[in-house]
Amino acid sequence: MATMPMDTRGFEGGSEEPALADAFALKFAIAMALTVVAGFSFQLAMGRSTFASPLRVHVHALAFMGWVTIFLLQTYFATRGPLWLHRKLGWVAAAWVFLMLGAAMTVIVVSARNGTIPFFFQPQLLMIGDPANLLAFVVLTYAAILMRHRTDWHARLHLGAMALLTAPAFGRLLPLPLLIPWAFEAAGVATLIFPVAGMIRDRRVLGRVHPAWFVTVAAFFTYTAVYEAITYSPLGDYLYARVTAGSHGAQVPGLVFPAPPTGPLITGR
């Protein structure tokens with residue numbers, strides 16, 4: 001979360017007791033962080049990933065786990081204080097997003113060029129879908145920053161942005177090989193559990209659903225429609241050909257599910 005201090009009006013901007021709202025926000029953030037940790041820990045425990053991965057994979061992991069840490073700290077500082085530290089760390093968070101984008105795009109492009117995209121994803125779909133997911137995350141994150149003087153919007157938009165970012169974790173927890181040809185979409189749909197939980201909570205506590213949750217859900221369906229449209233279009237074919245040109249990935253059809261690997265290792269190659 002970024003630069004907005006949670007003021008004495010609380011999570012709702014004055015419509016309910018701050019203690020109740022703050023407890024919800026912190027528990028919500030912890031639940032998402034635990035989902036991320038569980039997903040990647042399970043992948044490692046099952047031998048599907050390894051610490052003996054290229055440097056780019058470690059930089060990617062540090063960038064995204066660093067964000068999870070920042071997100072938790074920002075939620076804690078916003079709800080428990082000190083607020084001055086929340087403000088200071090918020091500037092770091094705003095800049096950290098660009099490190100995440102660079103690290104993610106590097107891994108995505110190299111995986112496409114190496115032909116090592118997981119076999120339960122069409123390479124072209126993941127190459128386009130992952131950046132679309134990241135773009136939606138960035139839009140919601142910076143929308144939250146712009147609305148930092150509206151505590152109710154600011155908090156929910158940050159929580160919604162983080163929810164979208166849990167898709168890779170769900171992708172490691174769900175049995176995606178059994179969900180082909182909808183594996184990529186299934187991991188994305190699973191992230192909606194968090195905004196839906198927020199909607200249910202708002203309905204019970206406030207008697208209405210805050211519109212910020214609808215913005216999060218709209219962002220999900222928008223980026224999903226965009227990457228699906230691009231992937232299966234001539235533009236998608238063109239982008240995949242340009243990215244993989246002159247590499248082993250050029251020999252891998254973009255819209256065909258690759259053969260499963262001969263060993264257990266799926267990611268980190």
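Residues numbered from 1 in each chain as written. Predicted model: local features only at pLDDT ≥ 70, side-chain atom pairs only at ≥ 80, totals over all residues. Heavy atoms only, no water.

**Student:** Help me out: how do you make sense of the confidence of the model for the chain in this one?
**Tutor:** Parts of the model with low pLDDT should not have their predicted coordinates read in detail. Here the chain averages 88 in pLDDT, and 89% of its residues register 70 or above. The spread of mean pLDDT over the elements of the chain runs between helix H1 (residues 18-45), the lowest at 83, and helix H10 (residues 234-244), the highest at 98. Taken as a whole, residues 1-11 scores under 50 in pLDDT and shows 56 contacts with residues more than four places along the chain or in a different chain. (pLDDT = per-residue confidence, 0-100. Helix = DSSP H or I, 4+ residues; strand = E, 2+ residues; numbered from the N terminus. Contact = heavy atoms within 4.5 Å.)

**Student:** Looking at this structure, I do not really get the pattern of salt bridges. What am I missing?
**Tutor:** Side chains that differ in charge, positive against negative, can pair when their charged atoms come close. On inspection of all chains with the given rule, the structure shows three salt bridges. As a salt-bridge pair, Arg-150 and Asp-152 come within 3.7 Å of each other at their nearest N and O atoms. Look at Asp-152 and you get buried, because its relative accessible area is 10%. The salt bridge involving Asp-202 is made with Arg-201; its shortest N-O contact spans 3.0 Å. (Salt bridge = Lys/Arg side-chain N within 4 Å of Asp/Glu carboxyl O. Buried < 20%, exposed > 50% of the residue type's maximum accessible area, 1.4 Å probe, protein only.)

**Student:** Could you clarify how one ought to interpret the layout of surface pockets in this entry?
**Tutor:** Remark: the empty space left among the atoms is shown by a probe the size of a water molecule rolled over them. Here the second largest pocket defines a volume of roughly 320 Å³. Lining the second largest pocket we find 19 residues, and of these Ile-128, Pro-131, Ala-132, Leu-135 and Val-226 sit closest to its centre. When contributions to the lining of the second largest pocket are tallied by element, the ones reaching two or more residues are helix H3 (83-114), helix H4 (123-146), helix H9 (211-231) and H10. No other element matches H4, which puts eight residues into the lining of the second largest pocket. For the lining of the second largest pocket, the residue count by class is 18 nonpolar, one polar and no charged. (1 Å grid on protein atoms, 1.4 Å probe; cavity = no way out; pocket = protein on both sides within 12 Å on 5 of 7 lines; lining within 4 Å. Points joined across faces, edges and corners; volume = space filled by probe spheres on them. Nonpolar A, V, L, I, M, F, W, Y, C, P; charged D, E, K, R; others polar.)

**Student:** What is the right way to look at empty space enclosed by the protein in this model?
**Tutor:** The tally for this structure, following the rule as stated, stands at two cavities of 30 Å³ or more. Considered as a void within the structure, the second largest cavity measures approximately 40 Å³ in volume. The element best represented in the lining of the second largest cavity is helix H7 (residues 183-190), accounting for three residues. Its residues placed into classes, the lining of the second largest cavity shows eight nonpolar, one polar and one charged.

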